Amino acid sequence: MARRLYLKFKSLMPEPLRDMLSFFNQHLFARWTIRKKLGLWFEVDFRKKCQTFTPQDWKKHYEACWQHTTNPCINKGDFRRIRDAIGQPCSVLDIGCGTGQLALSLAQAGFRVTALDLSINALRLARNHIAQIDVNIPLVESFAEHLPFPSSAFDCITCCHTLEHVSDLDRTVAEFKRVAKEKIVILVPKQKYRLYAENYHTYFFNSSEQLIDAFKLKQFKCVELDGDREDSAYPSPMLMYVGTLHKHRSA
Ligand SMILES: C[S@@+](CC[C@H](N)C(=O)[O-])C[C@H]1O[C@@H](n2cnc3c(N)ncnc32)[C@H](O)[C@@H]1O
């Protein structure tokens, strides 16, 4: 509640004032606030250090993350938006599946879903959720930058609150375009660069153009979802990108 009010208050400020507030917050309070909020396990300097990380280092950080949280970033409103964006049930690869709620919701709606994440702890949480209902969702431990699937293996790729976490955006986008046959659906927070990591973000998408430019697809829709949505787990503004590829869909 307090966070929503703070964000509302901030959104009413003129942009230069908002930037100034963020600047002071980042430099004076962020490290302290993050440590207090998240505990010493959290690597506040992640963003500075990650340039030299090995894949094992990346994994280690996300395994720690998923030992301390079980919260998804999306919920019912986003599930509906994503289902509407995909259209007819088809095969879907959900990348950065976290606790598996989107995969589960799509499977329940008749989609053939595979879920992928680099974290074994996240996949364990996903397995527990999936076990509650009678659906088959293969879970794959892998990096978005190296998808272990042949080209055009899935009709659609979904990737929510994960593109901003990858180590190599160009490589990830190239993999998405290789493995998807028809659509790529992306949700990312709309945000400016932040110095200290509260959430291991490595890329920051502050406008639709950045996503459009990253994917370079001729056919796409990109909309901004404002921060006042009551139907979303993530209360700040988000960008939703739906890119269409022109390959053939499987029967
Ligand atoms: C913020 S969580 C979002 C989880 C879920 N999609 C949701 O919306 O609730 C980001 C997820 O992406 C995973 N992840 C981060 N970087 C990744 C990468 N390079 N390849 C695959 N998964 C990654 C993390 O383990 C984490 O589960």
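Here the structure is shown first, and the text comes after it.
Residues numbered from 1 in each chain as written. Predicted model: local features only at pLDDT ≥ 70, side-chain atom pairs only at ≥ 80, totals over all residues. Heavy atoms only, no water.

## Side note on the packing of aromatic side chains
Consideration 1: Applying the stated criterion to the full structure yields eleven aromatic pairs.
Consideration 2: Relative to Y200, the ring of F42 lies with its centre 4.6 Å away and its plane at 15 degrees, an arrangement referred to as stacked. Remark: Y200 occurs in the loop between β5 (180-189) and α9 (208-215) and F42 occurs in the loop between α2 (15-38) and α3 (46-49); sequence separation between them is 158 residues. The same class applies to F42 and to Y200, which are both buried.
Consideration 3: Linked through ring pairs, F42, F46, F53, W58, Y62 and Y200 together constitute an aromatic cluster.
Consideration 4: Across the ring face of Y193, the terminal group of R47 is positioned such that the distance to the ring centre comes to 5.8 Å. (Phe/Tyr/Trp six-rings, centres within 6.5 Å; stacked < 30°, edge-to-face > 60°. Helix = DSSP H or I, 4+ residues; strand = E, 2+ residues; numbered from the N terminus. Buried < 20%, exposed > 50% of the residue type's maximum accessible area, 1.4 Å probe, protein only. Lys NZ or Arg CZ within 6 Å of the ring centre and 35° of its normal.)

## Some remarks on helix α5 (residues 76-86)
Consideration 1: Among all positions in α5, only G77, D78, F79, R81, I82, A85 and I86 are buried.
Consideration 2: Against β1 (91-95), α6 (101-108), β4 (154-160), β5, β6 (219-225) and β7 (238-244) lie the buried residues of α5.
Consideration 3: Count one or two residues on from α5 and you reach G87, which has phi positive near 95 degrees. (Contact = heavy atoms within 4.5 Å.)

## Side note on the sheet that holds β4
Consideration 1: Taken in spatial order, the seven strands of this open sheet run β3-β2-β1-β4-β5-β7-β6, and their pairing is mixed. Here the strands that pair on one side only, and so sit at the sheet edges, are β3 (139-141) and β6. The sheet shows a mean angle of 15 degrees between the axes of neighbouring strands, taken without regard to direction.
Consideration 2: As paired elements, β6 and β7 share seven bridges and run antiparallel to each other. (Pairing = 2+ DSSP bridges. Axes fitted to C-alpha atoms, helices over the stretch in contact; angles between N-to-C directions.)

## Some points on the state of the cysteines
Consideration 1: Counted by the stated rule, this structure contains zero disulfides.
Consideration 2: Sulfur of C65: no disulfide; nearest cysteine sulfur belongs to C73 and is 9.6 Å away.
Consideration 3: Assessed through its relative accessible area of 15%, C65 is described here as buried. (Disulfide = S-S within 2.5 Å.)

## Regarding the site of the ligand
Consideration 1: Inspection of the region around the ligand gives 20 residues, with C73, G96, D117, A144 and C160 positioned closest.
Consideration 2: A distance of 2.8 Å separates a nitrogen atom of the ligand from a polar backbone atom of A144.
Consideration 3: When the ligand is considered free in solution it has 600 Å² of accessible area, and contact with the protein chains removes 94% of it.
Consideration 4: Its residues assigned to classes, the shell around the ligand comprises eleven nonpolar, seven polar and two charged. (Near = heavy atom within 4 Å. Polar contact = N/O pair within 3.5 Å; in protein donor to acceptor, adjacent residues only side chain to side chain. Areas by Shrake-Rupley, 256 points an atom, 1.4 Å probe, with all protein chains shown as cover. Nonpolar A, V, L, I, M, F, W, Y, C, P; charged D, E, K, R; others polar.)

## Description of the packing of helix α4 (residues 55-68) against helix α7 (residues 120-131)
Consideration 1: Closest axis-to-axis distance for the α4/α7 pair is 7 Å, and the angle between their directions is 40 degrees. The orientation of α4 with respect to α7, classified from their angle, is oblique. Where α4 abuts α7, its residues K59, E63, W66 and Q67 lie against I120, N121, A122 and L125.
Consideration 2: For the contact of α4 with α7, the residue count by class is four nonpolar, two polar and two charged. (Parallel < 35°, antiparallel > 145°, perpendicular 65-115°, else oblique.)

## Side note on α2
Consideration 1: End to end, α2 covers just 29 Å across 24 residues, shorter than the expected 34 Å (1.5 Å per residue, more than 12% under).
Consideration 2: Where α2 bends most, the angle comes to about 65 degrees, and this point is F29.
Consideration 3: The first or second residue beyond α2 is G39, which carries a positive phi of 90 degrees. (Expected span 1.5 Å × (residues − 1). Bend = angle between axes of the 7 residues up to and from the residue.)

## A word on unusual backbone geometry
Consideration 1: With a phi angle near 50 degrees, H161 is a residue other than glycine that sits in the positive phi range.
Consideration 2: The residue H161 is located in the loop between β4 and α8 (169-179) in this model.
Consideration 3: A positive phi angle, near 55 degrees, is found at Y200, a position not held by glycine.

## Describing the environment of D226
Consideration 1: For D226, the location among the structural elements is in the loop between β6 and β7.
Consideration 2: Note on D226: relative accessible area 46%, which makes it partly exposed.
Consideration 3: Residues D226 and P237, spaced eleven residues apart in sequence, show a C-alpha to C-alpha distance of 4.5 Å.

## Comments concerning the nonpolar core
Consideration 1: Counting residues in each nonpolar core, the largest one holds 29 residues, and the members touching the most others are I82, I86, I137, V185, L187 and M240.
Consideration 2: Contributions of two or more residues to this core are made by α5, α6, β2 (112-117), α7, β4, β5 and β7.
Consideration 3: It is α6 that contributes the most residues to this core, five residues altogether.
Consideration 4: Setting aside residues up to four positions removed in sequence, M240 forms contacts with R81, I82, A85, V185, I186, L187, K221, C222, V223 and L225.
Consideration 5: Core analysis: the next-biggest nonpolar cluster, separate from the first, contains 28 residues, L93, I95, L163 and L217 among them. (Core = buried A, V, L, I, M, F, W, Y, C linked by side-chain atoms within 4.5 Å.)

In short, geometric facts, not functional conclusions.
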